[in-house]
Amino acid sequence: MKDLNSTTLTCAANADVEKASTSEECSGDKPCYFALLDLKPHFDINLNDLAERYRKKAASAHPDRFVAASEREKRLALEHSANLNEAYQILKTPSQRARYLLSLKGSNIPLETTVQDPEFLMQQMQWHEELDELREQADFKQLNNFKTRIKQTQADLEAEFNKYWQDHQYYLHAEQLVRRMQFMDKLALSVKQLEEHLDD
């Protein structure tokens, strides 16, 4: 039942992944998402590797494998399966992975937060205006160009976060980058919704 004891599976306590994930950045009373998937707490992770780890862990912990088990074992299997799924969903998304990494350091960035840096606020307004124009024009070519620029901005933010998040003196900057990344996720979703609307 060791694999199912997810309620006590912290980065510090999980003996199976102790070598891989024990660190000051990933410790505490709650299950550590990185430890659940035998990963070190880091922003730069291989998504294909993450998906493969999740697939194997989820298959071994699937509740269907515990049909004949005790009620406690069934409950633990369900809990472990849910924790694995939550860990995978968080870690596969760069902005959520970044926010989670900072939470391990004590930061609690709200999911919905206003970007407070004036420079980026101006950029947000320009993007919104441009998206409104694209909606009116229904120009697929320009919309694709816009989407390419959004993706590049997301990649730039992720690279910058990866560079600074572990450096204590840039901690506030790392928080600012996460807020920007969260905004870019919402903007990318708006672009996707506009594409779907224009395709109808």
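Rules of the game
Each chain carries its own residue numbering, running from 1 in the direction its sequence is written. Residues qualify for local features only when their pLDDT is at least 70, as the model is predicted, and side-chain atom pairs are given and counted only at 80 or more; totals for whole chains, interfaces and linings, by contrast, use all residues. Hydrogen atoms and water are omitted, and side-chain values are computed over all heavy atoms in the structure. UniProt positions are given in the numbering used here, feature names are shortened, and annotations may be inferred rather than shown by experiment. Numbering of helices and strands runs from the N terminus; a helix is a DSSP stretch of H or I covering at least four residues, while a strand is a stretch of E covering at least two. Pairs of residues are marked as contacts when any of their non-hydrogen atoms sit within 4.5 Å. All accessible areas in this document rest on Shrake-Rupley with a 1.4 Å probe, and a residue is counted as covered only by the protein chains that are shown. Exposure above 30% relative accessible area and the absence of a salt bridge qualify a residue for a patch, where like charges join within 9 Å and nonpolar side chains (Val, Leu, Ile, Met, Phe, Trp, Tyr) within 5 Å. Criterion for a salt bridge: a side-chain nitrogen of Lys or Arg within 4 Å of a carboxyl oxygen of Asp or Glu. Type-normalised accessible area, obtained with a 1.4 Å probe on protein chains alone, sets the label of each residue: buried when under 20%, exposed when over 50%, and partly exposed for intermediate values. Here an angle of 0 to 180 degrees is reported between the N-to-C directions of two axes, which are lines fitted to C-alpha atoms, with helices fitted over the stretch in contact. In what follows, roughly perpendicular refers to angles from 65 to 115 degrees, roughly parallel to angles under 35, roughly antiparallel to angles over 145, and oblique to any angle outside these ranges.

Labelled according to an unreviewed UniProt entry, the chain appears under the name Co-chaperone protein HscB homolog, originating from Entomomonas asaccharolytica. Note on the chain: under the UniProt heading Function (unreviewed entry), the record states "Co-chaperone involved in the maturation of iron-sulfur cluster-containing proteins. Seems to help targeting proteins to be folded toward HscA." Under the UniProt heading Sequence similarities (unreviewed entry), the entry covering the chain gives this text: "Belongs to the HscB family."

Draft legend 1. Looking closely at the overall build of the chain. Across its full length, the chain holds eight helices and zero strands. Shown N-terminal to C-terminal, the secondary structure of the chain runs as helices and strands in the order α-α-α-α-α-α-α-α. Within the chain, contacts between residues separated by at least 24 positions form 63% of all contacts whose residues are at least 6 apart in sequence. Surface exposure of the chain reaches about 12,100 Å², of which carbon and sulfur atoms provide 47%.

Draft legend 2. Seen up close, a nonpolar patch on the surface. A surface patch of nonpolar side chains, about 280 Å² in accessible area, is lined by Leu121, Met122 and Met125. Along the chain, the position of Met125 falls in helix H6 (residues 118–137). Owing to a relative accessible area of 43%, Met125 belongs among the partly exposed residues under this scheme.

Draft legend 3. Representation of the packing of helix H4 (residues 71–92) against helix H5 (residues 94–104) in the model. Two numbers describe how H4 lies on H5: the axes approach to 5 Å, and their chain directions differ by 105°. By the angle between their directions, the pair H4 and H5 is classed as roughly perpendicular. Touching Gln89, Ile90, Leu91 and Lys92 of H4 are Pro94, Gln96, Arg97 and Tyr100, all from H5.

Draft legend 4. Fine view of the pattern of salt bridges. Taken as a whole, this structure holds eight salt bridges when the rule is applied. Across the pair Lys56 and Glu52 runs a salt bridge, and its minimum N-O distance is 3.8 Å. Taken together, the positions of Lys56 and Glu52, both in helix H3 (residues 47–60) and four residues apart, correspond to about one turn of that helix. Given a relative accessible area of 52%, Lys56 falls into the exposed group. Salt-bridge contacts for Asp132 lead to Arg135; the nearest nitrogen and oxygen are separated by 2.9 Å. Taken together, the positions of Asp132 and Arg135, both in helix H6 and three residues apart, correspond to about one turn of that helix. The exposure class assigned to Arg135 is partly exposed, which follows from its relative accessible area of 39%.

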